[in-house]
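Working through the structure, step by step
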Amino acid sequence: MTEQTTRESELLASVPTGLYIGGEWVSAEGGATLPVIDPSTGEVLLQIADASVADGRRALDAAVAAQESWAATPPRQRGEILRRAFDLLQERADDFALLMTLEMGKPLAEARGEVTYGGEFLRWFSEEAVRISGRYGLNPEGTGRMLVSQRPVGPCFFITPWNFPLAMATRKIAPALAAGCTVVVKPAELTPLTTLAFVKLLEEVGLPAGVVNVITTSHSQWVSAPIIADPRLRKLSFTGSTEVGRKLIAQAAEGVLRVSMELGGNAPFVVFEDADLDAAVDGALAAKFRNIGQACTAANRFIVHASVADEFARRVTERVSAMRLGRGTDDGVQIGPLIDDAAVEKAEKLVADAVSRGASVTTGGSRVDRAGTFFEPTVVTGVTPGSDILTNEIFGPVLAIATFDDEDEAVRLANDTEFGLVSYVYTQGLARGHRMIDRLDTGMMGLNVGVISNAAAPFGGVKQSGIGREGGPEGIHEYLSTKYTLIPG
(Lines give C-alpha, C1' and ligand atoms only; values in the text may rest on other atoms or scores of the structure.)
Protein backbone atom coordinates (compact mmCIF):
# COMPACT_ATOMS: atom_id res chain seq x y z
CA MET A 1 0.00 0.00 0.00
CA THR A 2 1.44 3.39 -1.03
CA GLU A 3 1.62 6.43 1.21
CA GLN A 4 -1.14 8.10 -0.84
CA THR A 5 -3.39 5.05 -0.59
CA THR A 6 -2.82 4.87 3.16
CA ARG A 7 -3.74 8.53 3.57
CA GLU A 8 -6.91 8.10 1.52
CA SER A 9 -7.94 5.05 3.57
CA GLU A 10 -7.34 6.84 6.87
CA LEU A 11 -9.29 9.88 5.70
CA LEU A 12 -12.25 7.81 4.56
CA ALA A 13 -12.23 5.93 7.86
CA SER A 14 -12.69 9.26 9.68
CA VAL A 15 -15.85 10.18 7.77
CA PRO A 16 -19.15 9.45 9.56
CA THR A 17 -21.36 7.08 7.59
CA GLY A 18 -24.64 7.57 9.46
CA LEU A 19 -27.41 10.13 9.46
CA TYR A 20 -26.97 13.11 11.80
CA ILE A 21 -30.25 13.70 13.61
CA GLY A 22 -30.74 15.63 16.84
CA GLY A 23 -27.02 15.69 17.57
CA GLU A 24 -26.51 11.94 17.15
CA TRP A 25 -25.05 9.79 14.38
CA VAL A 26 -27.60 7.06 13.69
CA SER A 27 -28.22 4.31 11.15
CA ALA A 28 -30.96 4.59 8.57
CA GLU A 29 -34.22 2.80 9.19
CA GLY A 30 -33.63 -0.91 8.68
CA GLY A 31 -29.87 -0.38 8.33
CA ALA A 32 -30.18 0.55 4.65
CA THR A 33 -27.01 1.83 2.95
CA LEU A 34 -25.92 3.29 -0.37
CA PRO A 35 -22.49 3.29 -2.07
CA VAL A 36 -20.41 6.38 -2.80
CA ILE A 37 -18.32 5.90 -5.95
CA ASP A 38 -14.93 7.31 -6.95
CA PRO A 39 -15.62 8.60 -10.50
CA SER A 40 -11.96 8.27 -11.45
CA THR A 41 -11.95 4.51 -10.89
CA GLY A 42 -15.57 3.39 -10.58
CA GLU A 43 -14.73 1.82 -7.22
CA VAL A 44 -16.76 2.18 -4.01
CA LEU A 45 -15.28 4.61 -1.50
CA LEU A 46 -17.75 4.04 1.36
CA GLN A 47 -21.16 2.65 2.16
CA ILE A 48 -23.28 5.25 3.98
CA ALA A 49 -26.76 5.40 5.51
CA ASP A 50 -29.67 5.48 3.05
CA ALA A 51 -32.46 7.44 4.73
CA SER A 52 -36.14 6.54 4.56
CA VAL A 53 -39.18 8.81 4.69
CA ALA A 54 -39.38 8.17 8.45
CA ASP A 55 -35.73 9.19 8.85
CA GLY A 56 -36.45 12.45 7.05
CA ARG A 57 -39.38 13.13 9.33
CA ARG A 58 -37.21 12.53 12.39
CA ALA A 59 -34.64 14.99 11.08
CA LEU A 60 -37.30 17.67 10.66
CA ASP A 61 -38.63 16.88 14.15
CA ALA A 62 -35.16 17.58 15.53
CA ALA A 63 -34.84 20.86 13.63
CA VAL A 64 -38.27 22.02 14.81
CA ALA A 65 -37.45 21.10 18.41
CA ALA A 66 -34.23 23.14 18.33
CA GLN A 67 -35.66 26.18 16.52
CA GLU A 68 -36.86 28.24 19.48
CA SER A 69 -33.69 27.92 21.52
CA TRP A 70 -31.40 28.54 18.54
CA ALA A 71 -33.37 31.65 17.52
CA ALA A 72 -32.97 32.93 21.10
CA THR A 73 -29.21 32.31 21.06
CA PRO A 74 -27.38 35.68 21.02
CA PRO A 75 -26.19 36.67 17.56
CA ARG A 76 -22.62 36.98 18.80
CA GLN A 77 -22.70 33.40 20.05
CA ARG A 78 -24.08 32.15 16.73
CA GLY A 79 -21.39 34.09 14.91
CA GLU A 80 -18.61 32.73 17.10
CA ILE A 81 -19.66 29.15 16.35
CA LEU A 82 -19.41 29.91 12.64
CA ARG A 83 -16.04 31.57 13.15
CA ARG A 84 -14.72 28.55 15.04
CA ALA A 85 -15.95 26.38 12.19
CA PHE A 86 -14.04 28.57 9.73
CA ASP A 87 -10.86 28.30 11.76
CA LEU A 88 -11.08 24.53 12.13
CA LEU A 89 -11.83 24.14 8.43
CA GLN A 90 -8.61 26.00 7.60
CA GLU A 91 -6.67 23.62 9.85
CA ARG A 92 -8.16 20.65 8.00
CA ALA A 93 -8.07 22.16 4.52
CA ASP A 94 -5.95 19.38 3.04
CA ASP A 95 -8.28 16.68 4.35
CA PHE A 96 -11.40 18.37 2.99
CA ALA A 97 -9.73 19.00 -0.36
CA LEU A 98 -8.70 15.37 -0.71
CA LEU A 99 -12.14 14.14 0.32
CA MET A 100 -13.80 16.28 -2.37
CA THR A 101 -11.35 15.04 -4.98
CA LEU A 102 -12.06 11.42 -4.06
CA GLU A 103 -15.85 11.65 -4.25
CA MET A 104 -16.28 14.26 -6.99
CA GLY A 105 -13.11 13.93 -9.08
CA LYS A 106 -11.94 17.53 -9.37
CA PRO A 107 -8.17 18.17 -9.38
CA LEU A 108 -6.71 18.58 -5.91
CA ALA A 109 -5.61 22.16 -6.60
CA GLU A 110 -9.20 23.12 -7.43
CA ALA A 111 -10.49 21.27 -4.38
CA ARG A 112 -8.16 23.37 -2.22
CA GLY A 113 -9.63 26.44 -3.88
CA GLU A 114 -13.10 25.26 -2.95
CA VAL A 115 -12.07 24.91 0.69
CA THR A 116 -10.98 28.54 0.60
CA TYR A 117 -14.17 29.66 -1.14
CA GLY A 118 -16.51 27.53 0.97
CA GLY A 119 -14.80 28.63 4.16
CA GLU A 120 -15.38 32.27 3.32
CA PHE A 121 -19.14 31.80 3.75
CA LEU A 122 -18.52 30.75 7.33
CA ARG A 123 -16.33 33.79 7.98
CA TRP A 124 -18.62 36.23 6.13
CA PHE A 125 -21.82 35.14 7.86
CA SER A 126 -20.13 34.90 11.26
CA GLU A 127 -19.74 38.66 10.84
CA GLU A 128 -23.22 39.22 9.41
CA ALA A 129 -24.92 37.51 12.36
CA VAL A 130 -24.36 40.57 14.57
CA ARG A 131 -25.47 43.04 11.89
CA ILE A 132 -29.11 41.96 11.67
CA SER A 133 -31.00 45.18 12.29
CA GLY A 134 -34.34 46.93 11.93
CA ARG A 135 -35.63 50.48 12.31
CA TYR A 136 -37.64 52.60 14.71
CA GLY A 137 -39.32 55.92 14.16
CA LEU A 138 -42.39 58.12 14.26
CA ASN A 139 -45.05 57.35 11.68
CA PRO A 140 -46.00 60.09 9.18
CA GLU A 141 -49.25 60.88 11.00
CA GLY A 142 -47.51 61.33 14.33
CA THR A 143 -49.87 58.88 16.01
CA GLY A 144 -47.35 56.24 16.97
CA ARG A 145 -43.94 54.69 16.68
CA MET A 146 -43.11 52.13 14.02
CA LEU A 147 -40.83 49.27 15.05
CA VAL A 148 -39.54 47.11 12.21
CA SER A 149 -37.63 44.02 13.29
CA GLN A 150 -36.14 40.92 11.68
CA ARG A 151 -36.88 37.41 12.83
CA PRO A 152 -35.54 34.04 11.66
CA VAL A 153 -37.77 32.40 9.06
CA GLY A 154 -37.74 29.08 10.92
CA PRO A 155 -36.80 25.50 10.07
CA CYS A 156 -35.19 25.14 6.63
CA PHE A 157 -34.68 22.26 4.21
CA PHE A 158 -31.62 22.33 1.95
CA ILE A 159 -31.03 20.16 -1.10
CA THR A 160 -27.44 20.57 -2.28
CA PRO A 161 -25.77 19.52 -5.57
CA TRP A 162 -22.86 17.19 -6.22
CA ASN A 163 -20.49 19.52 -8.03
CA PHE A 164 -19.27 21.73 -5.14
CA PRO A 165 -19.80 19.51 -2.08
CA LEU A 166 -18.38 21.92 0.49
CA ALA A 167 -19.19 25.36 -0.89
CA MET A 168 -22.83 24.55 -1.62
CA ALA A 169 -23.27 23.33 1.95
CA THR A 170 -21.58 26.31 3.61
CA ARG A 171 -23.30 28.79 1.28
CA LYS A 172 -26.68 27.65 2.62
CA ILE A 173 -25.91 26.55 6.17
CA ALA A 174 -23.87 29.60 7.22
CA PRO A 175 -26.51 32.30 6.57
CA ALA A 176 -29.26 30.13 8.02
CA LEU A 177 -27.36 29.63 11.27
CA ALA A 178 -26.36 33.28 11.40
CA ALA A 179 -30.02 34.29 11.07
CA GLY A 180 -31.16 31.89 13.79
CA CYS A 181 -32.70 29.15 11.64
CA THR A 182 -32.37 25.41 12.11
CA VAL A 183 -31.66 23.14 9.17
CA VAL A 184 -32.17 19.75 7.56
CA VAL A 185 -29.63 19.13 4.78
CA LYS A 186 -29.96 16.49 2.07
CA PRO A 187 -26.66 16.36 0.18
CA ALA A 188 -26.43 14.87 -3.29
CA GLU A 189 -26.32 11.08 -3.40
CA LEU A 190 -23.19 11.21 -5.58
CA THR A 191 -21.04 13.36 -3.24
CA PRO A 192 -22.35 13.26 0.35
CA LEU A 193 -19.09 12.58 2.19
CA THR A 194 -17.88 16.18 2.38
CA THR A 195 -21.15 17.32 3.96
CA LEU A 196 -20.97 14.53 6.53
CA ALA A 197 -17.40 15.52 7.40
CA PHE A 198 -18.38 19.19 7.61
CA VAL A 199 -21.29 18.53 9.96
CA LYS A 200 -18.95 16.49 12.15
CA LEU A 201 -16.78 19.61 12.26
CA LEU A 202 -19.78 21.73 13.30
CA GLU A 203 -20.43 19.25 16.09
CA GLU A 204 -16.83 19.64 17.27
CA VAL A 205 -17.04 23.45 17.46
CA GLY A 206 -20.08 23.32 19.72
CA LEU A 207 -23.14 23.60 17.50
CA PRO A 208 -26.12 22.58 19.67
CA ALA A 209 -27.94 19.33 18.91
CA GLY A 210 -30.71 19.58 16.34
CA VAL A 211 -29.62 22.88 14.80
CA VAL A 212 -28.19 21.09 11.74
CA ASN A 213 -29.37 17.64 10.70
CA VAL A 214 -28.17 15.61 7.71
CA ILE A 215 -29.98 12.89 5.80
CA THR A 216 -28.31 11.02 2.96
CA THR A 217 -30.56 9.04 0.67
CA SER A 218 -30.90 7.38 -2.72
CA HIS A 219 -34.65 8.13 -2.63
CA SER A 220 -34.48 11.91 -2.83
CA GLN A 221 -37.96 12.55 -4.17
CA TRP A 222 -39.70 10.21 -1.72
CA VAL A 223 -37.81 11.50 1.32
CA SER A 224 -37.96 15.20 0.37
CA ALA A 225 -41.66 15.47 -0.51
CA PRO A 226 -43.03 14.84 3.02
CA ILE A 227 -40.52 17.28 4.51
CA ILE A 228 -41.54 20.00 2.04
CA ALA A 229 -45.22 19.28 2.69
CA ASP A 230 -44.85 19.50 6.48
CA PRO A 231 -46.48 22.73 7.76
CA ARG A 232 -43.67 23.21 10.27
CA LEU A 233 -41.11 23.79 7.51
CA ARG A 234 -40.76 27.44 6.54
CA LYS A 235 -37.97 27.60 3.97
CA LEU A 236 -36.70 25.51 1.04
CA SER A 237 -33.37 26.10 -0.72
CA PHE A 238 -32.22 24.08 -3.71
CA THR A 239 -29.27 24.20 -6.08
CA GLY A 240 -29.58 22.07 -9.18
CA SER A 241 -31.36 21.79 -12.51
CA THR A 242 -34.21 24.04 -13.57
CA GLU A 243 -36.34 20.97 -14.30
CA VAL A 244 -36.13 19.75 -10.71
CA GLY A 245 -36.37 23.31 -9.38
CA ARG A 246 -39.74 23.85 -11.06
CA LYS A 247 -41.13 20.74 -9.37
CA LEU A 248 -39.81 21.80 -5.97
CA ILE A 249 -41.28 25.29 -6.35
CA ALA A 250 -44.65 23.70 -7.11
CA GLN A 251 -44.38 21.54 -3.99
CA ALA A 252 -43.32 24.51 -1.88
CA ALA A 253 -46.31 26.52 -3.10
CA GLU A 254 -48.69 24.30 -1.12
CA GLY A 255 -47.21 25.56 2.14
CA VAL A 256 -46.34 29.03 0.76
CA LEU A 257 -42.71 28.39 1.72
CA ARG A 258 -39.93 30.90 1.29
CA VAL A 259 -37.75 29.52 -1.50
CA SER A 260 -34.24 30.10 -2.78
CA MET A 261 -33.53 28.43 -6.11
CA GLU A 262 -30.15 28.45 -7.83
CA LEU A 263 -30.94 26.65 -11.04
CA GLY A 264 -29.51 25.98 -14.49
CA GLY A 265 -27.31 28.23 -16.58
CA ASN A 266 -26.34 28.76 -20.20
CA ALA A 267 -23.66 31.38 -19.77
CA PRO A 268 -22.55 33.40 -22.80
CA PHE A 269 -18.87 34.35 -23.09
CA VAL A 270 -18.73 37.30 -25.48
CA VAL A 271 -15.40 38.33 -27.03
CA PHE A 272 -15.49 41.64 -28.93
CA GLU A 273 -13.05 42.63 -31.64
CA ASP A 274 -11.29 45.08 -29.28
CA ALA A 275 -10.73 42.48 -26.53
CA ASP A 276 -7.32 41.73 -25.08
CA LEU A 277 -7.08 38.24 -26.60
CA ASP A 278 -4.48 37.02 -24.13
CA ALA A 279 -6.78 37.95 -21.26
CA ALA A 280 -9.82 36.56 -23.08
CA VAL A 281 -8.14 33.18 -23.60
CA ASP A 282 -7.07 33.00 -19.95
CA GLY A 283 -10.60 33.94 -18.89
CA ALA A 284 -12.14 31.42 -21.27
CA LEU A 285 -10.11 28.56 -19.83
CA ALA A 286 -11.04 29.57 -16.28
CA ALA A 287 -14.71 30.07 -17.08
CA LYS A 288 -15.02 26.82 -19.04
CA PHE A 289 -12.72 24.23 -17.51
CA ARG A 290 -12.92 25.07 -13.80
CA ASN A 291 -14.42 22.07 -12.01
CA ILE A 292 -14.05 20.08 -15.27
CA GLY A 293 -16.75 22.29 -16.77
CA GLN A 294 -19.24 21.00 -14.21
CA ALA A 295 -20.40 24.33 -12.81
CA CYS A 296 -23.59 26.32 -13.28
CA THR A 297 -21.36 29.36 -13.84
CA ALA A 298 -19.34 27.62 -16.56
CA ALA A 299 -19.23 29.48 -19.86
CA ASN A 300 -21.50 27.51 -22.16
CA ARG A 301 -21.58 29.52 -25.40
CA PHE A 302 -18.49 31.32 -26.68
CA ILE A 303 -19.75 34.13 -28.87
CA VAL A 304 -16.71 35.61 -30.61
CA HIS A 305 -16.48 38.48 -33.12
CA ALA A 306 -15.84 37.07 -36.59
CA SER A 307 -12.69 39.16 -37.04
CA VAL A 308 -10.91 37.51 -34.09
CA ALA A 309 -12.66 34.13 -33.97
CA ASP A 310 -9.97 32.18 -35.84
CA GLU A 311 -7.15 33.53 -33.70
CA PHE A 312 -9.14 33.02 -30.50
CA ALA A 313 -9.90 29.42 -31.53
CA ARG A 314 -6.26 28.77 -32.42
CA ARG A 315 -5.05 29.99 -29.04
CA VAL A 316 -7.61 28.13 -26.95
CA THR A 317 -7.07 24.94 -28.98
CA GLU A 318 -3.35 25.10 -28.32
CA ARG A 319 -3.93 25.54 -24.57
CA VAL A 320 -6.70 22.95 -24.29
CA SER A 321 -4.81 20.28 -26.24
CA ALA A 322 -1.99 20.56 -23.69
CA MET A 323 -4.24 20.00 -20.67
CA ARG A 324 -3.35 16.97 -18.57
CA LEU A 325 -6.20 14.56 -17.86
CA GLY A 326 -6.24 12.05 -15.00
CA ARG A 327 -7.22 11.25 -11.43
CA GLY A 328 -7.52 14.46 -9.46
CA THR A 329 -4.98 13.33 -6.88
CA ASP A 330 -2.17 13.01 -9.47
CA ASP A 331 0.34 15.84 -9.80
CA GLY A 332 -0.32 18.34 -12.56
CA VAL A 333 -3.77 17.04 -13.49
CA GLN A 334 -6.06 19.77 -14.84
CA ILE A 335 -9.03 17.70 -16.03
CA GLY A 336 -10.49 14.99 -13.83
CA PRO A 337 -13.39 12.62 -14.53
CA LEU A 338 -16.95 13.65 -15.14
CA ILE A 339 -19.29 12.70 -12.32
CA ASP A 340 -20.85 9.64 -13.98
CA ASP A 341 -21.42 7.84 -17.25
CA ALA A 342 -24.55 9.87 -18.04
CA ALA A 343 -22.44 13.04 -18.04
CA VAL A 344 -20.01 11.49 -20.53
CA GLU A 345 -22.84 10.39 -22.79
CA LYS A 346 -24.32 13.90 -22.72
CA ALA A 347 -21.01 15.47 -23.80
CA GLU A 348 -20.64 12.91 -26.60
CA LYS A 349 -24.13 13.62 -27.94
CA LEU A 350 -23.75 17.41 -27.82
CA VAL A 351 -20.45 17.31 -29.71
CA ALA A 352 -21.81 14.85 -32.28
CA ASP A 353 -24.89 17.02 -32.89
CA ALA A 354 -22.75 20.14 -33.40
CA VAL A 355 -20.50 18.31 -35.88
CA SER A 356 -23.51 16.97 -37.77
CA ARG A 357 -24.62 20.59 -38.28
CA GLY A 358 -21.27 21.72 -39.70
CA ALA A 359 -19.04 22.41 -36.69
CA SER A 360 -15.45 21.19 -36.43
CA VAL A 361 -13.62 19.62 -33.49
CA THR A 362 -10.13 21.14 -33.23
CA THR A 363 -9.06 19.05 -30.23
CA GLY A 364 -10.59 16.31 -28.09
CA GLY A 365 -14.19 15.32 -28.65
CA SER A 366 -14.26 11.78 -27.31
CA ARG A 367 -14.70 9.57 -24.28
CA VAL A 368 -11.39 8.38 -22.84
CA ASP A 369 -10.80 4.62 -22.90
CA ARG A 370 -9.74 4.03 -19.30
CA ALA A 371 -11.29 3.25 -15.93
CA GLY A 372 -13.60 5.96 -14.64
CA THR A 373 -15.78 8.46 -16.49
CA PHE A 374 -13.41 10.69 -18.46
CA PHE A 375 -14.07 12.92 -21.47
CA GLU A 376 -11.33 14.71 -23.38
CA PRO A 377 -11.04 18.50 -23.00
CA THR A 378 -12.59 19.67 -26.25
CA VAL A 379 -12.84 22.70 -28.53
CA VAL A 380 -15.58 22.91 -31.17
CA THR A 381 -15.55 25.74 -33.73
CA GLY A 382 -18.04 26.97 -36.30
CA VAL A 383 -21.06 26.05 -34.19
CA THR A 384 -24.22 26.93 -36.12
CA PRO A 385 -27.63 28.18 -34.91
CA GLY A 386 -29.94 25.37 -33.86
CA SER A 387 -27.16 23.19 -32.45
CA ASP A 388 -28.10 21.50 -29.18
CA ILE A 389 -24.80 22.60 -27.65
CA LEU A 390 -26.05 26.22 -27.76
CA THR A 391 -29.27 25.51 -25.88
CA ASN A 392 -28.27 22.73 -23.44
CA GLU A 393 -26.10 23.23 -20.38
CA ILE A 394 -23.03 21.18 -21.33
CA PHE A 395 -21.69 20.48 -17.81
CA GLY A 396 -18.46 19.11 -19.19
CA PRO A 397 -15.08 20.16 -20.63
CA VAL A 398 -16.34 21.27 -24.05
CA LEU A 399 -15.69 24.79 -25.37
CA ALA A 400 -18.06 25.65 -28.23
CA ILE A 401 -17.44 28.70 -30.41
CA ALA A 402 -19.97 30.61 -32.53
CA THR A 403 -19.42 34.00 -34.20
CA PHE A 404 -21.10 37.41 -34.51
CA ASP A 405 -20.59 40.55 -36.60
CA ASP A 406 -21.81 43.50 -34.50
CA GLU A 407 -22.77 44.45 -30.95
CA ASP A 408 -26.53 44.12 -31.41
CA GLU A 409 -26.11 40.61 -32.78
CA ALA A 410 -23.87 39.69 -29.86
CA VAL A 411 -26.49 40.88 -27.37
CA ARG A 412 -29.25 39.05 -29.22
CA LEU A 413 -27.29 35.79 -29.24
CA ALA A 414 -26.26 36.13 -25.60
CA ASN A 415 -29.83 36.77 -24.46
CA ASP A 416 -31.34 34.05 -26.67
CA THR A 417 -31.95 31.62 -23.80
CA GLU A 418 -34.48 31.03 -21.06
CA PHE A 419 -31.61 31.09 -18.56
CA GLY A 420 -29.92 34.10 -17.00
CA LEU A 421 -27.40 33.16 -14.34
CA VAL A 422 -24.10 34.69 -15.44
CA SER A 423 -22.47 36.24 -18.49
CA TYR A 424 -18.87 37.04 -19.40
CA VAL A 425 -17.77 39.91 -21.63
CA TYR A 426 -14.33 40.81 -22.93
CA THR A 427 -13.87 44.30 -24.36
CA GLN A 428 -11.42 47.14 -23.80
CA GLY A 429 -14.14 49.70 -24.46
CA LEU A 430 -15.35 51.29 -21.23
CA ALA A 431 -18.62 52.53 -22.71
CA ARG A 432 -19.31 49.17 -24.36
CA GLY A 433 -18.63 47.37 -21.07
CA HIS A 434 -21.20 49.55 -19.31
CA ARG A 435 -23.72 48.92 -22.10
CA MET A 436 -23.27 45.18 -21.67
CA ILE A 437 -23.96 45.46 -17.94
CA ASP A 438 -27.31 47.01 -18.82
CA ARG A 439 -28.16 44.91 -21.87
CA LEU A 440 -27.33 41.34 -20.88
CA ASP A 441 -30.14 39.54 -19.05
CA THR A 442 -28.23 37.79 -16.27
CA GLY A 443 -28.04 38.06 -12.50
CA MET A 444 -24.23 38.22 -12.56
CA MET A 445 -21.58 39.32 -15.00
CA GLY A 446 -17.82 39.07 -15.34
CA LEU A 447 -16.38 42.01 -17.26
CA ASN A 448 -12.90 41.01 -18.47
CA VAL A 449 -12.74 38.29 -15.82
CA GLY A 450 -13.56 34.58 -16.01
CA VAL A 451 -14.29 33.70 -12.35
CA ILE A 452 -16.68 35.87 -10.38
CA SER A 453 -17.91 33.96 -7.30
CA ASN A 454 -17.25 35.58 -3.93
CA ALA A 455 -18.86 35.06 -0.52
CA ALA A 456 -19.32 38.83 -0.15
CA ALA A 457 -21.30 39.08 -3.42
CA PRO A 458 -24.94 38.14 -4.12
CA PHE A 459 -24.96 34.93 -6.17
CA GLY A 460 -28.07 34.20 -8.24
CA GLY A 461 -29.81 34.57 -11.57
CA VAL A 462 -32.87 35.83 -13.42
CA LYS A 463 -35.39 34.16 -15.70
CA GLN A 464 -35.30 30.37 -15.28
CA SER A 465 -31.93 30.41 -13.53
CA GLY A 466 -33.53 30.91 -10.16
CA ILE A 467 -35.01 32.94 -7.33
CA GLY A 468 -33.18 34.67 -4.50
CA ARG A 469 -29.53 35.34 -3.74
CA GLU A 470 -26.82 33.53 -1.79
CA GLY A 471 -23.84 35.38 -0.33
CA GLY A 472 -23.27 39.04 0.42
CA PRO A 473 -25.44 41.13 2.75
CA GLU A 474 -28.38 39.95 0.65
CA GLY A 475 -27.74 36.31 1.58
CA ILE A 476 -28.80 36.52 5.20
CA HIS A 477 -32.08 38.26 4.35
CA GLU A 478 -33.22 35.09 2.59
CA TYR A 479 -33.48 33.60 6.10
CA LEU A 480 -35.17 36.53 7.85
CA SER A 481 -38.77 37.69 7.90
CA THR A 482 -39.74 41.31 8.52
CA LYS A 483 -42.11 42.15 11.37
CA TYR A 484 -43.76 45.53 11.82
CA THR A 485 -45.13 46.67 15.17
CA LEU A 486 -47.08 49.89 15.84
CA ILE A 487 -46.66 51.42 19.30
CA PRO A 488 -49.21 54.19 19.94
CA GLY A 489 -47.87 57.36 21.49
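Below is a short write-up of the structure.

Quick notes on the rules
Counting restarts for each chain: residues are numbered from 1 in the order of the written sequence. Selection of residues for local features in this predicted model requires a pLDDT of at least 70, selection of side-chain atom pairs for listing and counting requires 80 or more, and totals for whole chains, interfaces and linings are taken over all residues. Think of the side-chain values as coming from all heavy atoms in the structure, minus any hydrogens and water. A helix here means a DSSP run of H or I that spans at least four residues, while a strand means a run of E at least two residues long, and both kinds are numbered starting from the N terminus. Exposed residues in this analysis have more than 50% of their type's maximum accessible area, buried residues have under 20%, and partly exposed residues fall in between, with area computed by a 1.4 Å probe over protein chains only. Arc, as used here, means the arc of the directions from the helix axis to the C-beta atoms. Any two residues whose heavy atoms approach within 4.5 Å at even a single point are treated as in contact. Each Phe, Tyr or Trp ring (for Trp, its six-membered ring) is paired with any other whose centre lies within 6.5 Å, and the angle between the two planes then decides the class: stacked below 30 degrees, edge-to-face above 60, tilted in between. The pairing criterion for strands is at least two bridges between them, as found by DSSP. Simply put, an axis is a line fit to the C-alpha atoms, just over the touching stretch for a helix, and the angle between two N-to-C directions goes from 0 to 180 degrees. In this tally Asp and Glu are treated as negative and Lys and Arg as positive; neither His nor the chain ends contributes. By salt bridge we mean one thing: a side-chain nitrogen of Lys or Arg within 4 Å of a carboxyl oxygen of Asp or Glu. Polar contact criterion, stated in full: a pair of N or O atoms within 3.5 Å, where within protein one must be able to donate a hydrogen and the other to accept it, and residues adjacent in sequence count only if both atoms are side-chain atoms. We call a crossing left-handed when the near helix sits turned anticlockwise from the far one by less than a right angle, and right-handed when that turn is clockwise. Residues are sorted three ways: Asp, Glu, Lys and Arg are charged, Ala, Val, Leu, Ile, Met, Phe, Trp, Tyr, Cys and Pro are nonpolar, and all the rest, Gly among them, are polar.

Not every positive phi belongs to a glycine, and V256 is a case in point at roughly 50 degrees. On the secondary structure map, V256 appears in the loop between α9 (242-254) and β11 (258-262). Classification of V256 as exposed rests on a relative accessible area of 66%. The phi dihedral of N291 is positive, around 60 degrees, even though this residue is not glycine. For N291, the position within the fold is in the loop between α10 (277-289) and β13 (299-305).

Quick reminder: α-helices carry 3.6 residues per turn. Residues three or four places apart thus point the same way. Considered for burial, the residues of helix α8 (residues 220-229) that qualify are V223, S224, I227 and I228. The buried residues of α8 occupy an angular sector of 125 degrees when projected down its axis, which confines them to one face. Opposite the buried face of α8, by more than 90 degrees, sit the exposed residues Q221, W222 and A229. Each element contacted by the buried residues of α8 is listed here: α2 (53-72), β7 (156-159), β8 (183-186), β10 (235-239) and α9.

What follows is about the packing of aromatic side chains. Aromatic rings in a pair are described by how distant their centres are and how their planes are angled relative to each other. Scanning the model with the defined rule gives 9 aromatic pairs in all. Arranged with centres 5.1 Å apart and planes meeting at 70 degrees, the rings of Y117 and F121 form a pair that is edge-to-face. With Y117 and F121 both in helix α5 (residues 108-128) and 4 residues apart, this pair spans about one turn of that helix. Taking the relative accessible area as the measure of exposure, Y117 reaches 13% and is therefore buried.

Next up on the list: the sheet that holds strand β5 (residues 135-138). Taken in spatial order, the 3 strands line up as β5-β6-β22 in an open sheet, and their pairing is antiparallel. Both edges of this open sheet fall to β5 and β22 (480-488), since each of them pairs with a single strand only. Averaged over all pairs of adjacent strands, the angle between their axes in this sheet comes to 20 degrees, without regard to strand direction. The sheet contact formed by β5 and strand β6 (residues 144-152) spans 4 bridges and is antiparallel. Bridge pairing links G137 to M146 in β6.

To continue, consider the side chain of D50. On the secondary structure map, D50 appears in the loop between β4 (44-49) and α2. No salt bridge is formed by the buried D50; its nearest oppositely charged neighbour, K186, is found at 9.2 Å. In terms of polar contacts, D50 uses its side chain to reach the side chain of T217, at 3.3 Å.

This next bit is on the environment of F125. With respect to the helices and strands, the residue F125 is situated in helix α5. It is 5.6 Å that separates the C-alpha atoms of F125 and P175, two residues lying 50 residues apart in sequence. Ignoring anything within four residues of it in the chain, the contact list for F125 reads L82, A174, P175, A178, G471, G472, G475 and I476.

Now for the pattern of salt bridges. Going through the model one piece at a time under the given rule, you end up with 30 salt bridges. D95 is paired through a salt bridge with R7; the nearest N and O atoms lie 3.4 Å apart. Highlighted residues: D95 in helix α4 (residues 93-104) and R7 in helix α1 (residues 3-13), separated in sequence by 88 residues. On the accessibility criterion, D95 (34% relative accessible area) is partly exposed.

Attention now goes to helix α14 (residues 430-439). Among the residues of α14, those classed as buried are R432, G433 and M436. Taken around the axis of α14, the buried residues stretch over an arc of 100 degrees, which confines them to a single face. Of the exposed residues in α14, those oriented more than 90 degrees away from the buried face are L430 and D438. The inward-facing, buried residues of α14 abut α13 (407-415), β18 (422-426) and β19 (444-447).

Strands sit in the order β14-β15-β16-β13-β12-β18-β19 across an open sheet of 7 strands; the sheet is mixed. Only two strands of the sheet have a single neighbouring strand rather than two, namely β14 (360-363) and β19. Between one strand and the next, the sheet's axes are offset by a mean angle of 25 degrees, whatever the strand orientation. Alignment of β18 against β19, held across 4 bridges, turns out to be parallel. Looking at β19, one finds that V425 is bridged to L447. Running at roughly 135 degrees to β13, helix α11 (residues 306-321) makes contact with β12 (267-271), β13, β14, β15 (378-381) and β16 (398-404) of the sheet. Along the sheet, α13 makes contact with β12, β13 and β16, crossing β16 at roughly 140 degrees.

This next bit is on the side chain of S126. Mapped onto the fold, S126 is located in helix α5. Reaching out from S126, the side chain makes a polar contact with the backbone oxygen of R123 at a distance of 2.6 Å. Non-local contacts of S126, meaning those with residues more than four positions away in its chain, are made with G79, L82 and R83.

Attention now moves to the packing of α2 against α8. With their axes 8 Å apart at the nearest point, α2 and α8 run at an angle of 35 degrees to one another. Taken as a pair, α2 and α8 cross one another with a handedness that is right-handed. Where α2 abuts α8, its residues V53, G56 and L60 lie against W222, V223, P226 and I227. Residue composition of the contact of α2 with α8, by class: 6 nonpolar, 1 polar and no charged.

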